[in-house]
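Descriptive structure summary
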Amino acid sequence: YLINGRLAYASLEHYLAKKSTNEEDNFRNSLVHWQKAMKTNSPYINQIEYDYAQTMRRGFDSGIEYEGWPLTHREIIGKLKTLVFLYPNDSEFIIELANAYNSFSKIGGPSYLEEADKALQKAQRLAPYNIKINFASAKNKILKKDRESALEELSKAVKLHSGLSDPKILLSFLYYQI
């Protein structure tokens, strides 16, 4: 019964945190829920930490202002590096680590872009047809000011996933920017 209660509490905090992070007004409230969810000792803690890292990165990408980003980004990257260490063959964790390095390169500098590139190479070996790798790699190349390579990466995504509209839209947008 105690385990079920813990799981229910962790699930509730996890749900409340994910639900409220998308709006800037609720961001600080969301942080409280994330901290509670991560302290529950849930057997699903790895998924909770992954969702936390992903949601926080998306908040940063969307421009949410928060004075704690300099410390929080290190925590997020640390959690993702731990997940990659624990699950070295899980390409989703590796891709999210690359996305975090890409996003937080605004704080961490060019070395983060190199770390993202290394993570993407590893993810590519594990899951060569995962379109998320193409998107993260294109973003990495854009951040490095290498638009031609970004175009190549998105063109590859269009070829691999011709039935999807997302790669075509991103490729069109990138062509428009050039």
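As the structure is a prediction and not an experimental result, all values here were calculated from the model.

Focus on the packing of aromatic side chains
This model, assessed by the stated rule, comprises 7 aromatic pairs. Ring centres of Trp69 and Phe104 lie 6.1 Å apart, and the angle between their planes is 45 degrees; this geometry places the pair in the tilted category. With a gap of 35 residues between them, Trp69 in helix α4 (residues 69–86) and Phe104 in helix α5 (residues 91–108) connect regions that are remote in the sequence. Here Trp69 and Phe104 have matching classes, each one buried. Among the aromatic side chains, those forming a connected cluster through ring pairs are Phe60, Tyr66, Trp69 and Phe104.

A word on the pattern of salt bridges
If you walk through the whole model with that rule in mind, you get 9 salt bridges. Here Lys156 makes a salt bridge to Glu153, at a shortest N to O gap of 3.7 Å. Taken together, the positions of Lys156 and Glu153, both in helix α8 (residues 147–160) and 3 residues apart, correspond to about one turn of that helix. The partly exposed category is assigned to Lys156, whose relative accessible area is 38%. Among the charged side chains, a network of salt bridges with common partners joins Arg57, Asp61, Glu96 and Lys139.

Looking at unusual backbone geometry
For residues other than glycine, phi is negative in most cases, and the peptide bonds are mostly trans. Phi is positive for Lys145, which is not a glycine, with a value near 65 degrees. Relative to the helices and strands, Lys145 is located in the loop between α7 (131–143) and α8. Looking at Lys145, the relative accessible area reads 72%, which means it is exposed.

Focus: a nonpolar patch on the surface
On the surface, a cluster of nonpolar side chains totalling about 360 Å² of accessible area is made up of Phe85, Leu86 and Tyr87. In this structure, Leu86 sits in helix α4.

Concerning the packing of helix α3 (residues 45–61) against α4
Put simply, α3 and α4 touch, their axes get as near as 10 Å, and they point 140 degrees apart. Comparing the axis directions of α3 and α4 gives the class oblique. Pair α3 / α4 crosses with left-handed handedness. Listed contacts from α4 to Asn46, Glu49, Tyr50, Tyr52, Ala53, Met56, Gly59 and Phe60 of α3 are Trp69, Thr72, Glu75, Ile76, Lys79, Leu80, Leu83 and Leu86.

A short note on the side chain of Asn46
Position of Asn46 among the secondary structure elements: in helix α3. Not counting residues up to four positions away in its chain, the partners in contact with Asn46 are Leu83, Leu86 and Tyr87.

Thresholds, definitions, all that
- Residues numbered from 1 in each chain as written.
- Predicted model: local features only at pLDDT ≥ 70, side-chain atom pairs only at ≥ 80, totals over all residues.
- Heavy atoms only, no water.
- Phe/Tyr/Trp six-rings, centres within 6.5 Å; stacked < 30°, edge-to-face > 60°.
- Helix = DSSP H or I, 4+ residues; strand = E, 2+ residues; numbered from the N terminus.
- Buried < 20%, exposed > 50% of the residue type's maximum accessible area, 1.4 Å probe, protein only.
- Salt bridge = Lys/Arg side-chain N within 4 Å of Asp/Glu carboxyl O.
- Patch = residues over 30% accessible without salt bridge, like charges linked within 9 Å, V, L, I, M, F, W, Y side chains within 5 Å.
- Areas by Shrake-Rupley, 256 points an atom, 1.4 Å probe, with all protein chains shown as cover.
- Axes fitted to C-alpha atoms, helices over the stretch in contact; angles between N-to-C directions.
- Parallel < 35°, antiparallel > 145°, perpendicular 65-115°, else oblique.
- Left-handed = near helix turned anticlockwise from the far one by under 90°.
- Contact = heavy atoms within 4.5 Å.

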